[in-house]
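Single-letter residue listing:
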Amino acid sequence: MITNFEHRPSAHCETGVTSNILNFYGCKLSESMIFGLGEGLSFIYIPFIPFKGNALKFSFRTVPGSVFARALKKLGVKIGVKRFTNKEEAMKEMDNLLAQGIPVGNVVGMYHLPHSPYRTHFNAHTLCVVGKEGDEYTISDPSWHTTLLKISYSDLMRVRFPAGAFKPNGKMFWIKEKPVIGDISHLIEQSIQKTCKKMLGIPFVSYFGVAGIVTMSKRMRKLEKRYGEKDARVYLASLIQAIEEIGTGGAGYRFMYGLFLHEAAEILNKPKLKDFSIEMTRIGDLWRLLALECGRKIKNRSEVSYNDLADKVVEIAAAEKKFFLALKKEKLEKNNS
Amino acid sequence: MEARVNDKLAETTGEQMVQYYFDGKEWHKKWEKKFDACAVVMTKHSQEIETIRQQVLDGQLSPLAYHIQTNLFNVKLLSSYTKIPKRHIKKHLTPDVFNQLDEETLKKYAAVFEITVEELKEISE
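The rules behind the values
Each residue is numbered by its place in its chain's sequence as written, counting from 1. Think of it this way: whatever chain is written first is A, whatever ligand is written first is 1, and the rest follow in order. With pLDDT at 70 or above as the cut-off, local features in this predicted model cover only qualifying residues; side-chain atom pairs require 80 or more to be listed or tallied, and sums for whole chains, interfaces and linings still use all residues. Where side-chain values are given, they derive from all heavy atoms of the structure, hydrogens and water being excluded. By definition, any uninterrupted DSSP run of H or I lasting at least four residues is a helix, any uninterrupted run of E lasting at least two residues is a strand, and each is numbered from the N terminus. Here the term buried applies to any residue with accessible area under 20% of the maximum for its type, exposed to any over 50%, and partly exposed to those in between, with areas from a 1.4 Å probe on protein chains only. Any two residues having at least one pair of non-hydrogen atoms within 4.5 Å are treated as being in contact. For accessible areas, the Shrake-Rupley method is used with a probe of radius 1.4 Å. Any residue's cover is judged against the shown protein chains and nothing else. Each radius of gyration is computed over the set of C-alpha atoms, and the globule rule expresses the reference value as 2.2 Å times the number of residues to the power 0.38. We call a set of buried Ala, Val, Leu, Ile, Met, Phe, Trp, Tyr and Cys residues a nonpolar core when their side-chain atoms join them within 4.5 Å. Segment limits for the domains were obtained from an automatic or database-derived domain assignment. When two parts are brought into contact, each loses some accessible area as probed by a 1.4 Å sphere; the total of that loss over both is the buried area. The rule for a salt bridge is simple: a side-chain nitrogen of Lys or Arg has to be within 4 Å of a carboxyl oxygen of Asp or Glu. For the purposes of these results, a polar contact is taken to be a pair of N or O atoms within 3.5 Å, where, inside protein, one atom must be able to donate a hydrogen and its partner to accept one; residues adjacent in sequence count only when each atom of the pair is a side-chain atom. For this classification, the nonpolar set comprises Ala, Val, Leu, Ile, Met, Phe, Trp, Tyr, Cys and Pro, the charged set comprises Asp, Glu, Lys and Arg, and every other residue, Gly included, is treated as polar. The rule is short: rings of Phe, Tyr and Trp, with Trp giving its six-membered ring, pair when the centres are within 6.5 Å, and they are stacked under 30 degrees, edge-to-face over 60, tilted in between. What a helix is expected to span follows from its residue count: subtract one and scale by 1.5 Å. Note that bend, as reported per residue, equals the angle between axes fitted to the 7 residues terminating at that residue and the 7 residues originating from it. Paired strands, as defined in this entry, are two strands with at least two bridges between them according to DSSP. Axis lines are fitted through C-alpha atoms, for helices just across the contact stretch, and the angle between N-to-C directions can take any value from 0 to 180 degrees. Two cysteine sulfur atoms form a disulfide, by the criterion used here, when they sit within 2.5 Å.

## So, the overall build of chain B
Item 1. Along its length, chain B carries 8 helices and 2 strands.
Item 2. For chain B, the residues scored as buried account for 46% of the 125 residues in total.
Item 3. Considering only contacts in chain B between residues 6 or more positions apart, those separated by 24 or more positions represent 50%.
Item 4. Carbon and sulfur atoms make up 49% of the accessible area of chain B, which totals about 7200 Å².

Here's what the structure looks like:
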């Protein structure tokens, strides 16, 4: 049992677990800093997936697992990652690590997890196993709970080996050596540039970044014609879920990125980045207002048409494009001077 | 089984999460309640449960179809959990084939839904 593990609740599972593990080794990096370094901000309008009930067609983040891998690779921390075919072997290896006093991060399925508030078949939730007492494990789940929890051996094994899309196969990760982190200012600039590049999109492809938001607005205009009145509302509800509930909630990671820019301004000594941080929260508020309007539309409390909602989405896309173009130039000005 | 689905709906409501917000000077972290969009998405789901329940009572579908719907599964997912081919599961959705199934396959299905074999054969009201 590891005694001095500090459980800090966070907004998002993956970044929360990463910052908690780093904090255990004495590296004080906040959750939002890891989100920024891992280039987590993105927008994807997922193509080719048919819309059936609560299937989600949009993602406000990159692929699960990439934030952890990118952030720690940049920081130069040595990590171990392992997947298994044998279930008992997977549990035994984890016990060995726990006996040495190493906290182990796990990728688990959400459906069979006993304390999970959502019963969805989503196999990329992250939590951290902290200790073992007899047949029970102590876990820290920073995105849902404020305290440490207990889970039985059989439950944890079942959760680590779910079936369906994106099988984790008992994927676990840990830090091999005690990390030493020096100056991170150049890493911050590098990751800001890459995020700008990602959000401004690939040319001629209309599913990623700002172009993806525009594509979403085009589909929203045709919603009623395509799905009928009832199903169009379900589609809007799933959009609200993506903005408000999944991951961080609260306008899909925009506020978290704003906090990252605010912290970056202090580390880099660039007060101009603070203005960008405030602008980012304004964009986050626009997303939240959109969710509010959609909620009213679902409950029949306002006479907003789907075209009006789509116009708002176009407004957000324009604001984001302007923001990231300006943020990209920020670096260039510094290089010239 | 109906009660179990309602429990799942109840679990999704009233959930609280960490939020970051900016008050003009400093960043804060707080816990905030959410608008319940999940329930709206689930209404479509529960309507489908009703139609499938009627079809099972009329003898057009087997109880397996009902359990798949109430547990938020589909044929592809169930096939990957039980390792029974998809085309076999599709055949098991008809009552005639389902009634002739042997104990082993029934046990496999029951283990995934976390119920007994007897509960698998009937649908609750």
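## Topic: the overall build of chain A
Item 1. Counting its secondary structure elements, chain A contains 11 helices and 8 strands.
Item 2. Computed over its C-alpha atoms, the radius of gyration of chain A comes to 21 Å, within 12% of the 20 Å expected for a compact globule of 337 residues.
Item 3. When the 337 residues of chain A are sorted by exposure, 57% land in the buried category.
Item 4. Within chain A, residue pairs in contact and separated by at least 24 positions form 68% of the contacts whose partners lie at least 6 positions apart.

## Some details on the nonpolar core
Item 1. If you look at the biggest cluster of nonpolar residues, it comprises 108 residues, and the most contacted ones within it are Phe 43, Leu 75, Ile 188, Met 216, Met 220, Trp 287 and Leu 290 of chain A.
Item 2. Both domains that furnish three or more residues to this core are identified here as domain 1 (13–37 + 79–175) and domain 2 (185–336) of chain A.
Item 3. For Phe 43 of chain A, the residues in contact, after removing those within four places along its chain, are Phe 58, Ser 59, Phe 60, Met 199, Tyr 207, Phe 208, Gly 209, Gly 212, Ile 213, Met 216, Arg 254 and Trp 287 of chain A.
Item 4. The next biggest cluster of nonpolar side chains, apart from the first, holds 28 residues, and it includes Val 56, Leu 64, Phe 113 and Ile 115 of chain B.

## Observations concerning the domain arrangement of chain A
Residue and element names in this part refer to chain A.
Item 1. By the assigned domains, chain A splits into domain 1 (13–37 + 79–175) and domain 2 (185–336).
Item 2. By the criterion of area lost to domain 2, the three top residues of domain 1 are Ser 32, Met 33 and Phe 35, representing 53% of everything that side buries.
Item 3. Seen at the junction of domain 1 and domain 2, the total is 0 salt bridges.
Item 4. Summed over the shared surface of domain 1 and domain 2, the number is 1 residue pair in polar contact (both at pLDDT 80 or more).
Item 5. Taken together, the residues of the side of domain 1 that touches domain 2 sort by class into 4 nonpolar, 4 polar and 1 charged.

## Quick look at the packing of aromatic side chains
Item 1. Using the criterion set out here, one finds 18 aromatic pairs over all chains in the structure.
Item 2. A ring pair is formed by Phe 68 of chain A and Phe 173 of chain A, whose centres lie 4.2 Å apart and whose planes are at 35 degrees; its orientation type is tilted. Taken as a pair, Phe 68 of chain A in helix 3 (residues 66–75) and Phe 173 of chain A in strand 8 (residues 172–175) lie far apart in primary sequence, 105 residues in all.
Item 3. Where Tyr 111 of chain A meets Phe 73 of chain B, the ring centres are 5.5 Å apart and the plane angle is 85 degrees; that geometry is what we call edge-to-face. One end of the pair, Tyr 111 of chain A, is in the loop between strand 4 (104–108) and strand 5 (125–133); the other, Phe 73 of chain B, is in the loop between helix 3 (63–70) and helix 4 (75–82), on a second chain.

## Concerning the pattern of salt bridges
Residues and elements named next belong to chain A.
Item 1. This structure, assessed with the given rule, holds 17 salt bridges over all chains.
Item 2. Here Glu 93 and Lys 82 are joined by a salt bridge, their closest N and O atoms 3.0 Å apart. Here the residue Glu 93 occupies a position in helix 4 (residues 87–99), and Lys 82 occupies one in strand 3 (residues 79–82), the gap between them amounting to 11 residues.
Item 3. Taking relative accessible area as the criterion, Lys 82 reaches 32% and is therefore assigned partly exposed.
Item 4. Residues participating in the shared-partner salt-bridge network are Glu 39, Arg 70 and Lys 74.

## Structural notes on helix 8 (residues 223–244) of chain A
Structurally, the α-helix is built with 3.6 residues per turn, so residues lying three or four positions apart point the same way.
Item 1. The end-to-end C-alpha distance of helix 8 of chain A, which contains 22 residues, comes to just 21 Å, noticeably less than the 32 Å that a straight helix rising 1.5 Å per residue would cover.
Item 2. Glu 229 of chain A marks the point of greatest bend in helix 8 of chain A, at about 105 degrees.

## Here we look at the pairing of strand 6 (residues 136–140) of chain A
All names here are of chain A.
Item 1. Among the 5 residues that make up strand 6, 4 are buried, leaving the element largely enclosed by the rest of the structure.
Item 2. One ladder, built from 5 bridges, connects strand 5 with strand 6; its direction is antiparallel. If you follow Cys 128 over to strand 6, its bridge partner there is Ser 140.
Item 3. Between the end of strand 5 and the start of strand 6, which pair antiparallel, lie 2 residues, with Gly 134 showing a positive phi angle near 65 degrees.
Item 4. Pairing analysis gives 4 bridges linking strand 6 to strand 7 (residues 149–152), with the strands arranged antiparallel. Each residue of the ladder has a partner; that of Tyr 137, found in strand 7, is Ile 151.

## Details of unusual backbone geometry
Item 1. Positioned with a positive phi, Glu 39 of chain A is a non-glycine residue whose angle comes to about 55 degrees.
Item 2. A positive phi angle is found at Glu 114 of chain B, which is not glycine, with a value near 60 degrees.
Item 3. You can call Glu 114 of chain B partly exposed: its relative accessible area is 46%.

## Describing the sheet that holds strand 3 of chain A
Picture the strands of a sheet paired through backbone hydrogen bonds; they go either parallel or antiparallel.
Residues and elements named next belong to chain A.
Item 1. Here we have 6 strands laid out as an open sheet, ordered 3-8-4-5-6-7, and antiparallel in their pairing. Each of the sheet's edge strands pairs with one partner strand only, and the pair in question is strand 3 and strand 7. Strand after strand, the sheet turns through a mean of 35 degrees between neighbouring axes, direction not considered.
Item 2. This element, helix 5 (residues 153–160), spans strand 4, strand 5, strand 6, strand 7 and strand 8 of the sheet and lies at about 85 degrees to strand 7.

## What to know about the environment of Arg 160 of chain A
All names here are of chain A.
Item 1. With respect to the helices and strands, Arg 160 occurs in helix 5.
Item 2. Sequence-distant contacts of Arg 160, defined by excluding residues within four places in its chain, comprise Phe 84, Ala 90, Met 91, Met 94, Asn 106, Val 108, Pro 168, Asn 169, Gly 170 and Met 172.
Item 3. Side-chain polar atoms of Arg 160 contact the side chain of Asn 106, separated by 3.2 Å.

## Thoughts on the state of the cysteines
Disulfides are covalent bonds that link the sulfur atoms of two cysteine residues.
Item 1. Taken as a whole, this structure holds 0 disulfides over all chains when the rule is applied.
Item 2. You can see Cys 128 of chain A has no disulfide; the closest cysteine sulfur is in Cys 13 of chain A, sitting 12 Å from it.

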